[in-house]
Amino acid sequence: MAQKIIITIDGWSSCGKSTLAKQLAKTLGYVYIDSGAMYRAITLFFLRNHIDWTDKVQVKDALGQINLHFEYNEKSLQSEMILNDENVEYVIRDLVIAEKVSDVAAIPAVRKFAVKQQQQMGKHKGIVMDGRDIGTTVFPDAELKIFMTADIAVRVERRFKEMFEKNPNVSIEEVKSNLEMRDYIDSNREVSPLRQAEDAILLDNTHITMEQQLAFAIKLVKEKRAELKLMQNA
Ligand code: DC
């Protein structure tokens, strides 16, 4: 059996990281982990409980009350986010959460809380995790790192279509300003800002199909496995 590795997929908001990560995990028989879902679930808890996240004491106390885990859903065929025994997979995709999540994700205590759990999930390798700091901070020694990007117009269009299906009241301007705001906050925060790891491979999917990007990623996995095998046999 091929040696299991850790694959990290980072990049800008809405450039198809989770689509690629899910397909890759399915093809390889790996576990897919959506690290952004954890920041979204924490944001949901803070909003519901009126936590003032500028107050360190309130944040520390709130984090102590949060239990996060992923549960595989046989019907949707995907791992879903569970916050304190409640399935929040769908509520956390709301624009109300998207508007606040980058602020919450910039809090050092929140990042420490999430990163620790993410690292634990990769202990046995065989995972594909997507996010913003997975290749730089969570798994700096991951065997394969991909950094995704796409033109902003294409990203807005894709996210708008996705959100419009759930909420026909959403406007393209709202989606665009949310994406730009998140990209700005995510890449300018002090703790582990979004950036391409030096050893990450850039994947711009503006002009390629989902099939082409999956083929590209599988080729990278095969090359990496061959390289690791050579190193083992040396
Ligand atoms: O991938 P996503 O859009 O669901 O992520 C939601 C937000 O969470 C994103 O704007 C930034 C933050 N995030 C992060 O800071 N670090 C990660 N590893 C994943 C997400």
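Fair warning: this is a prediction, and the values are worked out from it, not measured in the lab. (Residues numbered from 1 in each chain as written. Predicted model: local features only at pLDDT ≥ 70, side-chain atom pairs only at ≥ 80, totals over all residues. Heavy atoms only, no water.)

Colleague: Looking at this structure, how should I read the nonpolar core?
Modeller: Formed by 36 residues in total, the largest nonpolar core has its most connected members in Ile42, Phe46, Ile66, Leu68 and Val110. Counting only elements with at least two residues in this core, the list comes to helix 2 (35-48), helix 3 (56-63), strand 4 (78-83), helix 4 (95-105), helix 5 (108-121), strand 6 (127-131) and helix 6 (134-138). The element best represented in this core is helix 2, accounting for eight residues. Other than its neighbours up to four places away in sequence, Leu68 contacts Met38, Ala41, Ile42, Met81, Ile82, Leu83, Phe113 and Gln117. Cys15, Tyr30, Leu144 and Met148 belong to the second-largest nonpolar core, a separate cluster that totals 23 residues. (Core = buried A, V, L, I, M, F, W, Y, C linked by side-chain atoms within 4.5 Å. Buried < 20%, exposed > 50% of the residue type's maximum accessible area, 1.4 Å probe, protein only. Helix = DSSP H or I, 4+ residues; strand = E, 2+ residues; numbered from the N terminus. Contact = heavy atoms within 4.5 Å.)

Colleague: Could you clarify how one ought to interpret the side chain of Arg155 in this entry?
Modeller: Mapping Arg155 onto the fold places it in helix 7 (residues 152-166). Taking relative accessible area as the criterion, Arg155 reaches 5% and is therefore assigned buried. Polar contacts involving the side chain of Arg155 include one to the main-chain carbonyl oxygen of Ser13, which spans 2.7 Å. The contacts of Arg155, once residues within four sequence positions are left out, are Trp12, Ser13, Ser14, Cys15, Ala150, Leu179 and Asp183. (Polar contact = N/O pair within 3.5 Å; in protein donor to acceptor, adjacent residues only side chain to side chain.)

Colleague: Could you clarify how one ought to interpret the layout of surface pockets in this entry?
Modeller: Remark: the empty space left among the atoms is shown by a probe the size of a water molecule rolled over them. Reported here for the largest pocket is a volume of approximately 1200 Å³. Considered class by class, the residues forming the lining of the largest pocket number eleven nonpolar, 14 polar and 21 charged. In this structure, the second largest pocket spans a volume of roughly 260 Å³. Lys22, Ala25, Lys26, Tyr30, Val31, Tyr32, Tyr72, Leu77, Gln78 and Ser79 are the residues that line the second largest pocket. Those elements that provide at least two residues to the lining of the second largest pocket are helix 1 (17-28), strand 2 (31-34) and strand 4. Examining the composition of the lining of the second largest pocket, we find that three residues originate from one element, helix 1, more than from any other. (1 Å grid on protein atoms, 1.4 Å probe; cavity = no way out; pocket = protein on both sides within 12 Å on 5 of 7 lines; lining within 4 Å. Points joined across faces, edges and corners; volume = space filled by probe spheres on them. Nonpolar A, V, L, I, M, F, W, Y, C, P; charged D, E, K, R; others polar.)

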